[in-house]
Amino acid sequence: MTEITAPKSPVTSAEFADEIREQLKYSQGVTAEQATAADVYVAAAKAVRNHLADAWFTTQADTVNGNTKAVGYLSAEFLMGKQLENALLNAGLTEQFDEAVKSLGFQPKDIVDAEYEPGLGNGGLGRLAACFIDSLASLGVPAFGYGIQYKYGIFKQKFDEDGKQVETPDYWLNNEEPWGHIDYNRDQKVSFGGEVVEEDGKKVWKPAWSVRAVPVDYLVPGYKSQRVNTLRLWTAKSYDEFDLLAFNKSEYMDAVKPQVKAENISKILYPEDSTKVGKELRLEQQYFFVSASLHDAIRVFYPGQDKPDLTTFPNKITFQLNDTHPVIGIPELMRILIDEYGYDWDTAWGVTQKTFNYTCHTLLPEALEVWPASLIGELLPRHLEIIEKINEQFEAELKAKGVDEATAKDMAIYTGDSVRMAYLATYGGSHVNGVAELHSQLLKDVTLKNFSDAYPDKFTNVTNGVTPRRFVKLANPGLSDLITEGLGTDKWVSDLEMLEGLVPLAQDDEFVKKFAAVKAANKHAFVGFAKDHYGLDIDENTMFNTMVKRLHEYKRQSLKILAVISKYAAIKNGTVSADDILPRTVFFGAKAAPGYYLAKMTIQLINNVSKVVNNDPDVKGKLAVHMLPNYNIEMAQNLIPATELDEQISQAGKEASGTGNMKFALNGALTVGTLDGANVEIRERVGAENFFLFGMTVEEVDKLYADGYNPAKYYEADPRLKQAIDLVAGGTFSNGDRNAYAPLVSDWLTKDWFMTLADFSAYADIQAEIEKLYRDPLEWNRKAVLNVANSGFFSSDRSIEDYLERIWHTGPLA
Ligand code: GLG
């Protein structure tokens, strides 16, 4: 095997400045004197990319020639965040960069800020994929991320003067994008539609139309591993850009139609999060990237071979299906093996089942994709046949296992009308995992119970994690320095469980005070960030209390805003004395899916509560509320390190894991949360006494549903809750308009599917405990240090180690 070479020998800052100048001159066509910050950003990006190139090529060669199985991470979303700082860190060029840009007359921060954040994901699932490929590279495991280079990422969120969410397109490729390398010579053809005919006793798919899948390669540098993996995002192009015949007849629009149809496939990221969509285009997107990726893997691992031995495919690469979105890959690999390479069904099935594994990210039944069979039949007729046959084989297998008919029917992959992708994934792959202990247990007990009974060995858990590079080292340099000082080494950045070494320091008052000073500095920095970005004036001498995540009823932003309203009312009414009020600034950040009515109304309510509260002289200095627009990775990197109290208040049994919760704990925020998702494990590790637990458990929730839930009862029982809802209903946050929030209020009082009202009292009660502790800064910060010290488990490096051991059965390159 090839020697691992370091990513191009380290350079001095003067040399790096020359490299930037060279890029400016020969690539961008501007001199250093003419260059703007945006120019220098592009030049620096290209310069650092060059530094990583050799390690990238070596890694590719070793991936193909070595005997370590690679990982293919198939994901419809990769929410990468800005790249420059991370690439510099992993290339070991941070200091050179800082000096170099200063010598060119710029501030490093302005160059970093000039990067436009790509938003190719919705939330946790997409960000997890980004953390995972970072960890794979850092652990030296050969891996490919495979996805789509959407032209428009997640919409940009603004608020209109009524506080309503307004979505605008996110055209992130508006300016030169220096990271992706488009590779027209490694394209793949992806076909759709048409019919299946029999020729010489063989099924032959005659598709109606095809698109050209062109890869755009992003380098994924590992931290101190000398390895650089590939994120290959596909973009759709037309084969017949231009129909000359139509054009000659001056039908200009018709002439470009094929191009428009083809390019639509990679045009937009679906802005749904955990909700079902039934869009033809979405299935086209899924098939597009999965088909291209599987063919690409065959190209990579069997170079130049016309008749490769694909029975070895699962030894070359194992594919992880990130949720149900890529599950069409199962019938696609069957089709490739049988139709394109002539394998028999059983051989193809053996290879396919060994190749795939499936991660489920939800507990909401409506988020498990189910496709109408008619749609699959129209778009992918051969695949529908294969799915039917898989289903027949599955039924026979269940029968042989003694599964009764009614149960087998419930488990059908193909019902005649529809195809259940989660079931197809569970049967068609080797392993199924949930993303936190509780979630994996609930998958076995509830969501996929029949499958777990029939195939107990398939089921396992891998608790999520987050990359310590981006979310501690880069986001929180002050804390990083303090950790390094405390541990006497910076090795924790790639071995996060070393943070445990900080446990004794939580008893050292001097250390705790240093931690408090870092937090204060981060708060101060965020005040500046909020002023620059949103024009806000924030009082840093208040508790920073944050709830950032997608807006969804189950996550219960409603619970938080009702508690805020109740506190506002208490201050106004004088029910709390001035001395008893702990000054708080509450931050929300959340995007709602554009078609999600109640979620959008919740955003509007938060914005209007914010308007009323922040402009009321009676509560000035005591309570402030901000709904920050366009929550994204950049905001997370700035806000999380500044947060003191974070909110993880979903209804128990609904949040599969959460990953924001891990980022907050690692940055020394205390959590107020329910026993849901990974909160359970966070609490176990940081200690019950260092976590504010409230609310119903999964069992209590189930029981209450079963007994018949009546939210109005809770409204009547707790005057704080009644008053908060009455204020909303009475028009306090809508200029007296009593109808403005009627649908929301009516939902609370009559449905309240996620039991916000039932958990309100417990949530309001625990605030006293939180505030009491906060008044004792030393004790609060001691607990915060213990949160940091005991959260090392939540590194995505550990998650990847678990996947390697429990599911992928592979490891780093030698
Ligand atoms: C999901 C879940 C989250 C989970 C994330 C990553 O809702 O609880 O943390 O995936 O596994 N759709 C998501 O974001």
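Predicted model, so just to flag it, every value in this text is computed and none were measured.

**Points about the environment of Ser734**
And then number 1: Within the secondary structure, Ser734 sits in the loop between α30 (719-729) and α31 (742-750).
And then number 2: The sequence separation of Ser734 and Val609 amounts to 125 residues, and the corresponding C-alpha distance is 8.9 Å.

**Quick word on the UniProt feature "modified residue: N6-(pyridoxal phosphate)lysine" (unreviewed entry) in the protein**
And then number 1: Taking the numbering used here, the UniProt-annotated feature "modified residue: N6-(pyridoxal phosphate)lysine" (unreviewed entry) corresponds to Lys663.
And then number 2: A count of 29 C-beta atoms within 10 Å places Lys663 in the buried class.
And then number 3: With residues near it in sequence (within four places) discarded, Lys663 still touches Val466, Phe471, Ala636 and Ile640.

**A short note on the pairing of strand β17 (residues 543-548)**
And then number 1: Among the 6 residues in β17, 5 count as buried, and that is most of the element.
And then number 2: Handedness of the crossover joining β17 and strand β18 (residues 584-589) through helix α23 (residues 557-573) is recorded here as right-handed.
And then number 3: The sheet contact formed by β17 and strand β20 (residues 645-648) spans 2 bridges and is parallel. Bridge pairing in β20 links Thr546 to Asp646.

**A look at the site of the ligand**
And then number 1: The ligand sits among 16 residues. The nearest are Gly124, Leu125, His361, Ala656 and Ser657.
And then number 2: Tallied by class, residues from the shell around the ligand come to 4 nonpolar, 10 polar and 2 charged.
And then number 3: Mapping the shell around the ligand onto the domain boundaries places at least three of its residues in each of domain 2 (73-81 + 117-187 + 213-235 + 269-464 + 800-808) and domain 3 (539-788).

**Digging into the pairing of strand β19 (residues 623-628)**
And then number 1: Judged by how many residues are buried, β19 sits mostly within the fold: 6 of 6 residues are covered.
And then number 2: Burial along β19 is two-sided: Leu623, Val625 and Met627 and Ala624, His626 and Leu628, pointing in opposite directions, are all buried.
And then number 3: Across 6 bridges, the pairing between β18 and β19 is parallel. Note that in β19 the partner of Val586 across the bridge is Val625.
And then number 4: Regarding topology, helix α24 (residues 597-614) serves as the crossover connection from β18 to the parallel β19, and that connection is right-handed.

**Section: the domain arrangement of the protein**
And then number 1: For the protein, the assigned domains read domain 1 (1-65 + 87-115), domain 2 (73-81 + 117-187 + 213-235 + 269-464 + 800-808) and domain 3 (539-788).
And then number 2: Each of domain 1 and domain 2 was reduced to a C-alpha centroid, and the two centroids are 33 Å apart.
And then number 3: Across the contact, 20 residues belong to domain 1 and 16 residues belong to domain 2.
And then number 4: When residues of the side of domain 1 that touches domain 2 are traced back to their parent elements, those giving at least two are α2 (37-65) and α3 (84-91).
And then number 5: It is α2 that provides the largest number of residues to the side of domain 1 that touches domain 2, a total of 12 residues.
And then number 6: Partitioned by chemical class, the residues of the side of domain 1 that touches domain 2 number 13 nonpolar, 3 polar and 4 charged.

Cut-offs and rules
Residues numbered from 1 in each chain as written. Predicted model: local features only at pLDDT ≥ 70, side-chain atom pairs only at ≥ 80, totals over all residues. Helix = DSSP H or I, 4+ residues; strand = E, 2+ residues; numbered from the N terminus. UniProt positions renumbered as here; feature names shortened; annotations may be inferred. Buried ≥ 20, exposed ≤ 12 C-beta atoms within 10 Å, placed from the backbone. Contact = placed C-beta atoms within 7 Å. Right-handed = clockwise from strand over helix to strand, strands pointing away. Pairing = 2+ DSSP bridges. Near = placed C-beta within 6 Å. Nonpolar A, V, L, I, M, F, W, Y, C, P; charged D, E, K, R; others polar. Domains from an automatic or database assignment.

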